[in-house]
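Spelled out from the first residue to the last, the chains are:
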Amino acid sequence: MSSRSDFARRNRRTAATAFVVVTGMVGLTFAFVPLYTLICQVTGLGGTPQVADRSDYEVSTQEITVRFDSNVDRGLPWDFVPNERSVTVNLGAEYQTSYRSTNLSDEPVTGISTFNVTPIKAAQYFSKIECFCFVEQALKPGQSVDMPVTFFVDPAILEDELANDVQTITLSYTFYRTLDDIPDKEPEFISQADTVLTTAQLGGT
Amino acid sequence: MSTTATHAHDDHHDHAPKGIWRWLNSTNHKDIGTMYLWFSVLSALVGGGLSFLIRLELGEPGIQVFNVVGEMMGSEAKQFYNVTVTAHALLMVFFVVMPALIGGFGNWMVPMMIGAPDMAFPRMNNISFWLMPPALILLVLSAFMGKGAGTGWTLYPPLSGLAGQPDMSVDFAILSLHLAGASSILGATNFITTILNMRAPGMTMHKAPLFVWATLITAVLLLLAMPVLAGALTMLLFDRNFGTAFFDPAGGGDPILWQHLFWFFGHPEVYIMILPAFGIVSHIVSTFSRKPVFGYLGMAYAMASIGIVGFIVWAHHMYTVGMGVNYRAYFVAVTMAIAVPTGIKIFSWIATMWGGSISFKTPMVWSIGFIFLFTVGGVTGVVLANAGMDIVMHDTYYVVAHFHYVLSLGAIFAIFAAFYYWFDKMTGKVYPEWAGQLHFWTTFVGVNVLFFPQHFLGLAGMPRRYIDYPDIFAEWNMVSTWGAYITMASTVFFLIVTLFVMIGGRKSVANPWGDGATTLEWTVDSPAPFHTFEDTPDFTGGNPAAHPAE
């Protein structure tokens, strides 16, 4: 049988290992935040489209329809609509379309958009070359601008037996006010406590 | 933590400290276990009371209870209904089931089962327990602060963010879970060290009792899962208070990220709640069948594989977020794979009973009740594992019925089974058999009347987490609320009888269950002396408890 000090040392070593595991798991949790973004970009998880410099592909005779969708967060006083509802393009061909944003307020406002495509399985074949969504957009009071987006659909989609049934891809944007631009509302938040939302109002979770 | 009998105060065998300091400063695994059990009972009274309010409200269509309760609490009916659902869930998970199974029975029995004098780190054991009351206070306060935290136990943003719950109630709930998580991590470290290093000589892991195995695996799961919850909660706290945007798309975050992190913790968490129950039921079935447990190694490794696979199935909770079909196929397949080790356990319990000399004493009927009800909950779990089915049933009462069958009727039945099994050992009193049987049968009828109709409601499309419902759901909701009345009456009966027995019950013996009880705790007196196994028992020649004197 081991002596008491051996015994205590062994216990301390086990406990130290356990705390290393705990610290490692906390670290992994935070490391998962950038990793998650990366996984989405690489695999198209959640409908994240690809980013490319230009289309290197031969233009295929096969056509596909791309629909354009727009949403505005209620915190952003903008009007934001696609200039065309849908186009039919050849696979591999670059196409440029645009969305029109109008600042409806009487102050300068900065917005940023998130994006995805559906069906989700088509995301890894949908590549953007240029997009207003890559950077923040600032609009002066009442200003209206056309924001371009250039994209192509990778002809490899035809070889993916799970995705080659896709006839229509929907590209969707949601515009938010950037966090830095939100007016300092701290005191207001506390006084607005009476307007707390219920689960039902938010559509359930 | 002496392993030899030379230490001076060991000579005073039952010299427990007196008064409040015995409990506040306790480093004794039995006293800490007792405190965990009382703490769990206290939380269960609050958490159970809240669920009774929910059933009262849902007993008939319309809003008739929470308009009054919500006003009393300075909130309004719908928000406070959500607060009640949230508090009920968090209380039951973190403050009832975990403290009872791990902190309570784990602390009491694991050191005795392995022949150790106490836990490896008795003072750390003290802080593990005493972190829990402040955590409970913070959680209760969260219901009184502002409008309360009406987020559901899953705390999904944006509802749990500033947009959904702008006042400080959610921050209180987050800090409460941080404390409870720290307590669990310290407790898990203690159990792992105790079980790995302090087993009696000759007791290899392959000879350790199954409850010891269950506690070890649970502790490992806690160690891996709890830090993920802590990290995610910290991000949520920062999003709410310090302007970060981990889960806010306006700042480049993603609310789905929360769901991944939460369920990476949340799914192992459900096994954390049920694995100790598996261990307990194995002992009870073996004891009352007078047979060693069937397929001991298979039982141990089934628990281990459930624990491991439990970490790679999390996204079956979020089939509806818009997941590619390949990902869904993967999560369906691995989720269903868990039914295999679970089936090994169910069939091994039945095989243990097969050909045994069964006596249907109170702990045994609770264990058989556990096996039956857990199987029902497992079957609905296999149904829900299918992504195609889940998209229809997601967030309906079918899901509510499923997880109450495995937790409310599974884990809670195992807690009662363990309570009756070890009552003599912990209190030195005999629990009257008729009272235990009556408690079992009334609870069994009550909870089935309560939860079985919820399958029908869910299949008919009734969504969960709403205060009201269309009249078409009225009948089965009424039946369900009758079940709550029966269960409530049964629980009150149990509490009264238990108080009487603890004050005036008959004196019990060291081993009231006979030859079938072969673990070491039955070799010491009842109630177990303040200090046990200062002379380490020797397992090298076989189990010294296998042929008890009585």
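Residues numbered from 1 in each chain as written. Chains lettered and ligands numbered in written order. Predicted model: local features only at pLDDT ≥ 70, side-chain atom pairs only at ≥ 80, totals over all residues. Heavy atoms only, no water.

**Describing the overall build of chain B**
- Regarding its fold elements, chain B presents 17 helices and zero strands.
- If one aligns the C-alpha atoms of chain B with their principal axes, the spans along those axes are about 65 × 50 × 50 Å.
- Sequence separation of at least 24 residues holds for 81% of the intrachain contacts in chain B that already meet a minimum separation of 6.
- If you sum the accessible surface of chain B, you get close to 19,600 Å²; carbon and sulfur atoms cover 72% of it.
- Each charge class in chain B was averaged separately, 21 positive and 29 negative side chains, and the resulting centres sit 6 Å apart. (Helix = DSSP H or I, 4+ residues; strand = E, 2+ residues; numbered from the N terminus. Contact = heavy atoms within 4.5 Å. Areas by Shrake-Rupley, 256 points an atom, 1.4 Å probe, with all protein chains shown as cover. Lys, Arg positive; Asp, Glu negative; His and termini not counted. Charge placed at Lys NZ, Arg CZ, Asp CG, Glu CD.)

**Topic: the interface of chain B and chain A**
- Contact with chain B, which involves 61 residues of that partner, is made by 42 residues of chain A.
- The three residues of chain B that bury the most area against chain A are Leu159(B), Asn197(B) and Ala250(B), which together make up 13% of that side's buried surface.
- Applying the counting criterion to the chain B and chain A interface returns zero salt bridges.
- Inspection of the chain B/chain A interface yields four residue pairs in polar contact (both at pLDDT 80 or more).
- With eight residues, helix H8 (residues 210–241) of chain B is the single largest residue contributor to the side of chain B that touches chain A.
- Here the residues of the side of chain B that touches chain A sort into 31 nonpolar, 22 polar and eight charged. (Buried area = accessible area lost by both parts, 1.4 Å probe. Salt bridge = Lys/Arg side-chain N within 4 Å of Asp/Glu carboxyl O. Polar contact = N/O pair within 3.5 Å; in protein donor to acceptor, adjacent residues only side chain to side chain. Nonpolar A, V, L, I, M, F, W, Y, C, P; charged D, E, K, R; others polar.)

**Observations concerning the state of the cysteines**
All names here are of chain A.
- A full pass over the atoms with the stated rule returns one disulfide over all chains.
- With a sulfur-sulfur separation of 2.2 Å, Cys-131 is cross-linked through a disulfide to Cys-133. Here the disulfide of Cys-131 and Cys-133 is right-handed, its torsion about the S-S bond being about 130°.
- By relative accessible area, which is 5% here, Cys-133 ends up buried. (Disulfide = S-S within 2.5 Å. Buried < 20%, exposed > 50% of the residue type's maximum accessible area, 1.4 Å probe, protein only.)

**Let's talk about the sheet that holds strand S4 (residues 86–90) of chain A**
Residue and element names in this part refer to chain A.
- Spatially, five strands are ordered S4-S2-S10-S6-S8 in an open sheet, and the strand pairing comes out mixed. With partners counted over all chains shown, the strands left at the sheet margins are S4 and strand S8 (137–139), one partner each. Taking each pair of neighbouring strands and ignoring which way they run, the sheet shows an average axis angle of 30°.
- In this sheet, strand S10 (residues 168–177) lies alongside strand S2 (residues 63–72) in parallel orientation, the contact comprising eight bridges. Residue Val-66 lies in a different strand from S10, and its bridge partner there is Ile-169. (Pairing = 2+ DSSP bridges. Axes fitted to C-alpha atoms, helices over the stretch in contact; angles between N-to-C directions.)

**Notes on the environment of Ser26(B)**
Residue and element names in this part refer to chain B.
- As for its placement among the helices and strands, Ser-26 is situated in the loop between helix H1 (20–24) and helix H2 (29–58).
- Residue Ser-26 is classed as buried on the basis of its relative accessible area of 3%.
- Apart from residues lying up to four places away in sequence, Ser-26 is in contact with Trp-21, Asp-31, Ile-32, Met-35, Pro-122 and Asn-126.
- A polar side-chain atom of Ser-26 sits 3.2 Å from the main-chain amide nitrogen of Asn-28.

**A word on the packing of helix H13 (residues 362–385) of chain B against helix H16 (residues 433–459) of chain B**
Residue and element names in this part refer to chain B.
- Interaxial distance between H13 and H16 falls to 9 Å at its minimum, and their mutual angle equals 10°. It follows from the interaxial angle that H13 and H16 lie roughly parallel. Contact residues: Thr-362, Val-365, Trp-366, Gly-369, Phe-372, Leu-373, Val-376 and Thr-380 in H13; Glu-433, Gly-436, Gln-437, His-439, Phe-440, Thr-443, Phe-444, Asn-448, Phe-452 and His-455 in H16.
- Looking at the contact of H13 with H16 residue by residue, the class counts come to eight nonpolar, nine polar and one charged. (Parallel < 35°, antiparallel > 145°, perpendicular 65-115°, else oblique.)

**What about the nonpolar core?**
- Formed by 170 residues in total, the largest nonpolar core has its most connected members in Phe94(B), Phe95(B), Phe105(B), Phe370(B) and Trp422(B).
- When residues in this core are grouped by element, the largest group, 20 residues, is from H8(B).
- If you look at the next biggest cluster of nonpolar residues, it comprises 31 residues, including Val66(A), Ala122(A), Ala123(A) and Leu171(A). (Core = buried A, V, L, I, M, F, W, Y, C linked by side-chain atoms within 4.5 Å.)

**Details of the sheet that holds strand S9 (residues 144–153) of chain A**
Residues and elements named next belong to chain A.
- Strand order in the open sheet formed by five strands is S1-S7-S9-S5-S3, with mixed pairing between adjacent strands. Pairing within the sheet leaves two strands with one partner each, and these edge strands are strand S1 (50–51) and strand S3 (78–82).
- Inspection of the sheet shows strand S7 (residues 126–131) paired to S9 by five bridges, in the antiparallel sense. Bridge pairing in S9 links Phe-126 to Val-153.

**Digging into the packing of aromatic side chains**
- Under the definition given, this model contains 70 aromatic pairs over all chains.
- Centroid distance Phe68(A) to Tyr99(A): 6.3 Å. Interplanar angle 90°. Geometry classified as edge-to-face. Highlighted residues: Phe68(A) in strand S2 and Tyr99(A) in strand S5 (residues 95–103), separated in sequence by 31 residues.
- Judged by relative accessible area, which is 0%, Tyr99(A) ranks as buried.
- Each ring, one from Trp314(B) and one from Phe331(B), has its centre 5.5 Å from the other, and the planes form 70°; the classification is edge-to-face. With Trp314(B) in the loop between helix H10 (296–309) and helix H11 (325–337) and Phe331(B) in helix H11, this pair connects stretches of sequence that are 17 residues apart. Across this residue pair, the class does not change: Trp314(B) and Phe331(B) are buried.
- Put simply, the rings of Trp366(B), Phe372(B), Phe413(B), Phe416(B), Phe419(B), Tyr420(B), Phe423(B), Tyr431(B), Phe440(B), Trp441(B), Phe444(B) and Phe494(B) touch in pairs and so form one group of aromatic residues.
- Its guanidinium or amino end placed over the ring of Phe115(A), Lys128(A) lies 3.6 Å from that ring's centre, counting from NZ or CZ. (Phe/Tyr/Trp six-rings, centres within 6.5 Å; stacked < 30°, edge-to-face > 60°. Lys NZ or Arg CZ within 6 Å of the ring centre and 35° of its normal.)

**Points about H11(B)**
All names here are of chain B.
- Taking 1.5 Å per residue as the helical rise, H11 with its 13 residues ought to reach 18 Å, and the 18 Å between its terminal C-alpha atoms agrees with that figure.
- The set of residues buried in H11 consists of Phe-331, Val-332, Val-334 and Thr-335.
- Of the surrounding secondary structure, the elements contacted by the buried residues of H11 are H10, helix H12 (339–353), H13 and helix H14 (387–393). (Expected span 1.5 Å × (residues − 1).)

**Considerations on the confidence of the model for chain A**
- The predicted model of chain A averages 84 in pLDDT, with 88% of residues at 70 or higher.
- Here residues 185–205 of chain A scores under 50 on pLDDT; set against residues more than four positions off or in separate chains, the count is 38 contacts. (pLDDT = per-residue confidence, 0-100.)

**Section: the environment of Met35(B)**
All names here are of chain B.
- Residue position: Met-35 is located in helix H2.
- A relative accessible area of 10% places Met-35 in the buried class.
- In sequence terms Met-35 and Thr-427 are 392 residues apart; their C-alpha atoms lie 13 Å from each other.
- Ignoring sequence-local partners within four residues, the contact set of Met-35 consists of Trp-23, Ser-26, Phe-129 and Trp-130.

**Let's talk about the side chain of Thr194(B)**
Residues and elements named next belong to chain B.
- Along the polypeptide, Thr-194 turns up in helix H7 (residues 169–197).
- Here Thr-194 falls in the buried class, since its relative accessible area comes to 0%.
- From its side chain, Thr-194 meets the backbone nitrogen of Ala-120 in a polar contact 3.0 Å long.
- For Thr-194, the residues in contact, after removing those within four places along its chain, are Ile-114, Asp-118, Met-119, Ala-120 and Arg-199.

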